[in-house]
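As a plain string of letters, each chain reads:
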Protein chains: 4
Amino acid sequence: MNTFGKKMTLTTFGESHGKALGCILDGVPAGLTIDEAFIQEELDRRRPGKSPLETGRKEADRVEILSGTFEGFSTGTPIAMVIFNTNQKSKDYDSIKDLFRPGHADFTYYHKYGIRDYRGGGRSSARETAARVAGGAIAKLMLREIGIEIHSGLCEVDGIRAESFDFDYARSSRMLALDPDTEKQQEEAILQAKNNHDSVGGVVLTRATGLPVGLGEPLYYKLDAVLAEAMMGINAAKAVEIGDGIATTHMKGSQNNDPITPEGFASNHAGGILGGISNGDTLLVKTHFKPTPSIFRPQQTINTEGEAVTCELKGRHDPCVAIRGAVVCEAMMALVLADMALLGLGKKMEHITTLYADSAQKGNA
Amino acid sequence: MNTFGKKMTLTTFGESHGKALGCILDGVPAGLTIDEAFIQEELDRRRPGKSPLETGRKEADRVEILSGTFEGFSTGTPIAMVIFNTNQKSKDYDSIKDLFRPGHADFTYYHKYGIRDYRGGGRSSARETAARVAGGAIAKLMLREIGIEIHSGLCEVDGIRAESFDFDYARSSRMLALDPDTEKQQEEAILQAKNNHDSVGGVVLTRATGLPVGLGEPLYYKLDAVLAEAMMGINAAKAVEIGDGIATTHMKGSQNNDPITPEGFASNHAGGILGGISNGDTLLVKTHFKPTPSIFRPQQTINTEGEAVTCELKGRHDPCVAIRGAVVCEAMMALVLADMALLGLGKKMEHITTLYADSAQKGNA
Amino acid sequence: MNTFGKKMTLTTFGESHGKALGCILDGVPAGLTIDEAFIQEELDRRRPGKSPLETGRKEADRVEILSGTFEGFSTGTPIAMVIFNTNQKSKDYDSIKDLFRPGHADFTYYHKYGIRDYRGGGRSSARETAARVAGGAIAKLMLREIGIEIHSGLCEVDGIRAESFDFDYARSSRMLALDPDTEKQQEEAILQAKNNHDSVGGVVLTRATGLPVGLGEPLYYKLDAVLAEAMMGINAAKAVEIGDGIATTHMKGSQNNDPITPEGFASNHAGGILGGISNGDTLLVKTHFKPTPSIFRPQQTINTEGEAVTCELKGRHDPCVAIRGAVVCEAMMALVLADMALLGLGKKMEHITTLYADSAQKGNA
Amino acid sequence: MNTFGKKMTLTTFGESHGKALGCILDGVPAGLTIDEAFIQEELDRRRPGKSPLETGRKEADRVEILSGTFEGFSTGTPIAMVIFNTNQKSKDYDSIKDLFRPGHADFTYYHKYGIRDYRGGGRSSARETAARVAGGAIAKLMLREIGIEIHSGLCEVDGIRAESFDFDYARSSRMLALDPDTEKQQEEAILQAKNNHDSVGGVVLTRATGLPVGLGEPLYYKLDAVLAEAMMGINAAKAVEIGDGIATTHMKGSQNNDPITPEGFASNHAGGILGGISNGDTLLVKTHFKPTPSIFRPQQTINTEGEAVTCELKGRHDPCVAIRGAVVCEAMMALVLADMALLGLGKKMEHITTLYADSAQKGNA
């Protein structure tokens, strides 16, 4: 239940205020160059505390690889990575020990398990996504070898929509804004909410280019279905769209169908997927994040005895989780695509005869 | 890859124009009364050809149980169900044998597998969803035993939104409309598109009531994530929302957080899920279906040689797949909830000590 | 729980006296020639009633493919196969309806599930292995394409050991004897036990040739471990040995280690596996079958009320299950090896870059 | 591929001479008291260097829990455990960097992955079993809560058989001997082999008591099949027997069938399993270990260029791997039984109605 993927699998562990969090990434093909600096860079992009737009928790998020590599290459054995927690302030959470924060998982974890690590939300904290980013970084390294690149950015904040999508710009923007023209206005919305002890929602657009035709395993491991699961599983996500998504429901079939030409698809309403399989066009997924549930206003809730109490939060929180969420969206897409690329091997007899004929010649497989 | 679920698993088989389609539903607890008439009723709700709003293909969709039951009860062994195809008109598809229909899976299946059963879309046809409905019906029977009920209906067609949601009405409506007041207008949109040899999109709202707190398995089998996968995997689905979904991104945290009172949640923006776990409130999921890709207008495409050709479809197709899609949404939600209910067993030590202490007394488990 | 394998998966259904039994074989690569006559031949080898050494139940065991093939080839979609039961004599089992046959699963199924299809043992009957043989036949077809062949035969019956192993001879022997010189004596042991209303045990040797180096997925899907699971899971199996198995524990390391030469291994005590991975040498597995529990002598047992009663069996039973078990051993080995061949794809980066570079050239994967 | 189990899953990582090894144990029910001292004791039993009968490598094998517990209890979230390597002597392995040790996984890993961490066998080293013992210790803690206890010991060394089985004695014996009367002779066989720079094989008997009827999930996750997989997957295992195992093949059915009486089974040839499901009697499994492949005599092998060379090993090795293997057998049996106990929940409708009715009363599940 804490494992994502089928052939390249990410199993994560760790709580917000425990000793450490980390993951085991299994199924990485042997012979991949493991660029540790790149993994750390990806973690640095997700790292909190880089700007006033983010939570003030200051974590180095230094990742350490414990296994699965040898002389700079993957060996085909599981890659374990660990990040030790260093900047916990568990005291901040004493006041919520016996109550359920509205909009949080406190209520459901308590009732499901009968016990709850209340410090920073425990396992339900978005802090766990650091492990996803570490795993996703290695997935990205593998995908690059076959020409697939993934980018993301914010296309909407607090209802303010980007008019254009510049993924290169987003990479340099401290709020991962896709549109420099609306960025300022979006930032102000975030800061204003923060000043009001409140929070705002946002929408992340994630894109992959360079996909071959054929990724996705019908009927119950379709590319779009698994991307939906991957994105909806990120903390605070409430909706996922593939390609034009909801807008397709307002078109007629004759408008929405992407015509096919000898040069490729004439449009891309589909977002790069047909029948749950990549069609070679750009992959586009939108993930909608609700406003951060942690706000610094008094809220109505109950305690573990079922009595009405007021919730007054301390601690440090992102006023707009979508920002750091964007980095997680990339990681999840990378994990999905790497898994699909591996799963796709063996779908045709010629894959098998090619690779094993080859092995017969070399005396191995 | 053709199996859905983890503890109650549905494995399906079959092509649109093959001999039969069907499924094996595994993991059904022993001792469940298997109401065959109810299973058939559910299939009848999904069955094509009941109104001009649906495809003209006339299939009896008679389901036969081959295993897993004894004297009217489930035995704990896999339940196989088969539906023989009777009304195929494969001739209709000769003209598309060598070309790729826009908006369809033809292109991707051909390139992924190098071979394609072109008759009626083969495995990629929505006809396969009959097997899901059969499996979902048994899941519903199990859920009823613990008080969970599932309903669905159309909350939007071609951009025309229902103003109110009446699930009882939807059950009697031939287009599963949730709002009798907008139904007429929605129907007209469908029929007009049909007359224009075109198609329209629609949105299905699916609801479950009676859930206990605690369904959903974090972190990678969360209830919302798996529902998103389940719904996005249905043919023609392009977006999924949980609860208020996209609307939450336009709210502030102080508006979106559902206050908790001793009597329960004071609002339900969350749609019944917190932290990937059911919170006991009504479960609400919206699934957005694109307009049917099969339309009867000339369309630009290429053939298997990569040459530009015109696609002129014959055959019989739904002008709005969302209608019959609604029945499939219910089935998928039932499969997800039944799976989650089973997976949840054993999450606390007291589950184990209760059931095995019991077994020790009786001499069995 | 009724699915075997990870990448090529066999999901079976059916009871001994139900309507039908069958399977869904998923993950078969597209483009494999499906030789239906061969599948039927394999089933005929397992079919009961061919000689006095077997049960008298006469089943045609006619297999029908319902999906997953098109114009003689696999399409990459699930292959469903069904075998309808025709020669049930459920009346024979009325007398055991309320008691537990010694050595059978009656007692455990009843207590586990609280309900039991007592007719012919229901799901626990070895009749289910027909579905495995059908699936295994397709696995064999795939393996042949990469040069792997599987054979089996009886190397011991009632303690009488074969002195030599002739797999070609076994194929023609009605008891699948590996040694023509001991066959007569072994047959007599079986027939004598049968005349005494009793039964005997036997040992099956299963062999695969033509394996590449590299099949098996450490650490928890090792080739030897999965073969052990596969064989021990066959009805009546009580022990499994890999290569020299138990005999290796009586050797010193210096005797048991197979020396490696430029021409290959100088001996094969290991049975073709090192570290859970095939080493390219002949794969050898021994499966030990207990004597058939169904015997026609009065036996001491209890009924469902817990009272002491005498069990007097009717029905038709194999006096030595190892004979037909040998065909099942081949099927299971085929399923394991096909699964491992598919899983092995993607273990090296060069697999991925080769196949996807190729796909980039062709515009697909 | 590095994950064992279905509901309680153990995912391990680490190489013999890497930074650390460890595991993530997922699926542990919340509310289990995590006795860290007990986990360390179990590791101490497996720890090398305790006597001249074992390898001289001195590892503290100090286990650290990184997640999944709170105030001494499991929380239902994944439990990560790590053991840092401290006593590697990688220099010892320089001489084997380019050659394949006979009887080892060097040859197969090199050919499968194209890259190999040659230091101490890398991932294929039995050192990884420390992680299994850590995970197995927690499984044992859970099983104790429902009255299941697991023990093991050596019933044979170098062909010298124990005449009686005293599991309490084995726990105190430095070679885990089951029979004090043969222990001396067995020890001498080990020491003599060691002096001859050679090694011996051995057989481990593992036993579980207190099982309820009903553990095991037919048809493809049977208790005996999964135990066979678990045991055969341990380094150096070459055969597995359930109950009387091979001896059953020399009995007639009338001798081998265990009669059932109102007081229980009159004998236990079956070893506690019928039809793949526990029958409530004592569970008995024998695991046969080949002699340690690492011996200090010159051996014939080839190098990575395929040239004939002599293998001269250095390093520190167990003269009889079965001794420390016994502790691993217990861990694997514990993991299997805990997994089966959890999987068994939900096999009857009354499990579901009991637990969810209960949850309805309490307002949670």
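See the structure printed just above.
This text gives an overview of the structure that appears in the document. (Residues numbered from 1 in each chain as written. Chains lettered and ligands numbered in written order. Predicted model: local features only at pLDDT ≥ 70, side-chain atom pairs only at ≥ 80, totals over all residues. Heavy atoms only, no water.)

With that settled, the discussion passes to the relation of the copies chain B and chain D. Between the two chain copies there is a screw-like relation: a rotation about an axis and a shift along it. Placing chain B over chain D gives an RMSD of 0.0 Å and needs a rotation angle of 180 degrees, together with 0.0 Å of translation along the axis. The relationship between the two copies is best expressed as a two-fold rotation axis. Within chain B, Leu 345 of chain B has its C-alpha nearest the rotation axis, a separation of 3.1 Å. Take the interface residues of chain B: 97% of them recur as interface residues in chain D, which is what a same-surface contact looks like. (Least-squares fit on C-alpha atoms with pLDDT ≥ 70 in both. Contact = heavy atoms within 4.5 Å.)

Residues and elements named next belong to chain A. One way to put it is that helix 6 (residues 223-232) packs onto helix 8 (residues 322-344) with a least axis distance of 9 Å and a crossing angle of 145 degrees. The interaxial crossing formed by helix 6 with helix 8 has right-handed handedness. Across the interface between the two elements, Leu 223, Val 226, Leu 227, Ala 230 and Met 231 from helix 6 touch Cys 329, Met 332, Met 333, Val 336, Leu 337 and Met 340 from helix 8. Across the contact of helix 6 with helix 8, the residue classes break down as eleven nonpolar, no polar and no charged. (Axes fitted to C-alpha atoms, helices over the stretch in contact; angles between N-to-C directions. Helix = DSSP H or I, 4+ residues; strand = E, 2+ residues; numbered from the N terminus. Left-handed = near helix turned anticlockwise from the far one by under 90°. Nonpolar A, V, L, I, M, F, W, Y, C, P; charged D, E, K, R; others polar.)

Residues and elements named next belong to chain B. Helix length check: helix 8 (residues 322-344) (23 residues) gives 31 Å between terminal C-alpha atoms against 33 Å at 1.5 Å per residue, within 8%. The buried fraction of helix 8 is high, at 23 of 23 residues. Two residues or fewer after helix 8 comes Gly 346, characterised by a positive phi angle close to 100 degrees. (Expected span 1.5 Å × (residues − 1). Buried < 20%, exposed > 50% of the residue type's maximum accessible area, 1.4 Å probe, protein only.)

Residues and elements named next belong to chain A. Interaxial distance between helix 1 (residues 36-46) and helix 3 (residues 129-144) falls to 9 Å at its minimum, and their mutual angle equals 135 degrees. The orientation of helix 1 relative to helix 3 falls into the category oblique. Where helix 1 crosses over helix 3, the handedness of that crossing is right-handed. Facing Phe 38, Ile 39, Glu 42, Leu 43, Arg 45 and Arg 46 of helix 1, the residues of helix 3 in contact are Thr 129, Ala 130, Val 133, Ala 134, Ala 137, Ile 138, Lys 140, Leu 141 and Arg 144. Residues belonging to the contact of helix 1 with helix 3 are distributed by class as follows: nine nonpolar, one polar and five charged. (Parallel < 35°, antiparallel > 145°, perpendicular 65-115°, else oblique.)

Moving on, we come to the sheet that holds strand 4 (residues 63-65) of chain A. Residues and elements named next belong to chain A. If you walk across this open sheet you meet the five strands as 1-2-3-7-4, and the pairing is antiparallel. The sheet is open, and its two borders are formed by strand 1 (3-4) and strand 4, each paired with just one other strand. Direction of pairing for strand 1 relative to strand 2 (residues 9-14): antiparallel, over a ladder of two bridges. Its bridge partner lying in strand 2, Phe 4 is registered against Leu 10. Each of strand 4 and strand 7 (79-84) touches helix 1; the most contacted strand, strand 4, lies at about 150 degrees to it. (Pairing = 2+ DSSP bridges.)

Least-squares fitting of chain B to chain A yields an RMSD of 0.0 Å, with the transformation described by 0.0 Å of translation along the axis and a rotation of 180 degrees. A share of 100% of interface residues in chain B that are also interface residues in chain A marks the association as one of identical surfaces.

On to the environment of Met 232 of chain A. Tracing the sequence through the fold places Met 232 of chain A in helix 6. Classification of Met 232 of chain A as buried rests on a relative accessible area of 1%. Each C-alpha atom of the pair Met 232 of chain A and Phe 289 of chain A lies 9.2 Å from the other, and the pair is 57 residues apart in sequence. Apart from residues lying up to four places away in sequence, Met 232 of chain A is in contact with Ala 237, Lys 238, Ala 239 and Val 240 of chain A together with Asp 224, Ala 225, Ala 228, Val 240 and Ile 242 of chain B.

Within the structure shown, the criterion is met by 24 aromatic pairs over all chains. Ring geometry for Phe 70 of chain B versus Tyr 118 of chain C: centroids 5.7 Å apart, planes at 90 degrees, classification edge-to-face. Of this pair, Phe 70 of chain B sits in strand 5 (residues 69-70) while Tyr 118 of chain C sits in the loop between helix 2 (106-113) and helix 3 (129-144), placing the two residues on different chains. Tyr 118 of chain C matches Phe 70 of chain B in its accessibility class, with the two residues each being buried. Site record: aromatic cluster; members linked through ring pairs are Phe 100, Phe 107 and Tyr 110 of chain A together with Phe 265 of chain B. The ring centre of Tyr 221 of chain C lies 4.8 Å from the NZ or CZ of Lys 6 of chain C, which sits over that ring. (Phe/Tyr/Trp six-rings, centres within 6.5 Å; stacked < 30°, edge-to-face > 60°. Lys NZ or Arg CZ within 6 Å of the ring centre and 35° of its normal.)

Before going further, it helps to examine the interface of chain B and chain D. On the chain D side, the residues contacting the 34 residues of chain B number 33 residues. Together, the buried faces of chain B and chain D total about 3000 Å²; carbon and sulfur atoms form 64% of this surface. A per-residue breakdown of the area chain B buries against chain D is headed by Leu 345, Met 349 and Tyr 356 of chain B, which together make up 23% of the total. For the pair chain B and chain D, the number of links is zero salt bridges. One can count ten residue pairs in polar contact (both at pLDDT 80 or more) joining chain B with chain D. (Buried area = accessible area lost by both parts, 1.4 Å probe. Salt bridge = Lys/Arg side-chain N within 4 Å of Asp/Glu carboxyl O. Polar contact = N/O pair within 3.5 Å; in protein donor to acceptor, adjacent residues only side chain to side chain.)

Further remarks concern the interface of chain B and chain A. Counting residues at the interface gives 98 residues for chain B, matched by 98 residues for chain A. Summed over both sides, the interface of chain B with chain A buries roughly 7800 Å², with 60% coming from carbon and sulfur. A per-residue breakdown of the area chain B buries against chain A is headed by Met 1, Lys 112 and Tyr 220 of chain B, which together make up 12% of the total. Inspection of the region where chain B meets chain A yields four salt bridges. Between Glu 217 of chain B and Lys 112 of chain A there is a salt bridge, with its nearest N and O atoms 2.7 Å apart. For the side of chain B that touches chain A, the residue count by class is 42 nonpolar, 35 polar and 21 charged.

The final tally for this structure, using the stated rule, is 100 salt bridges over all chains. A salt bridge links Asp 94 of chain A to Lys 91 of chain A; its shortest N-O distance comes to 3.9 Å. Salt-bridge contacts for Glu 217 of chain C lead to Lys 347 of chain C; the nearest nitrogen and oxygen are separated by 3.4 Å. Here the residue Glu 217 of chain C occupies a position in the loop between strand 10 (202-209) and helix 6 (223-232), and Lys 347 of chain C occupies one in the loop between helix 8 (322-344) and helix 9 (349-362), the gap between them amounting to 130 residues. A single burial state applies to Glu 217 of chain C and to Lys 347 of chain C, both of which are buried. When salt bridges with common partners are traced through the structure, they connect Glu 42, Arg 45, Lys 140, Arg 171 and Glu 330 of chain A into a single cluster.

Across the junction of Pro 218 of chain A and Leu 219 of chain A, the peptide omega takes the value 0 degrees, indicating a cis bond. Turning to its location among the elements, Leu 219 of chain A is positioned in the loop between strand 10 (202-209) and helix 6. Look at His 197 of chain B: it is not a glycine, yet its phi comes out positive at around 60 degrees. One can find His 197 of chain B in the loop between helix 5 (180-195) and strand 10 (202-209). The exposure class assigned to His 197 of chain B is partly exposed, which follows from its relative accessible area of 43%.

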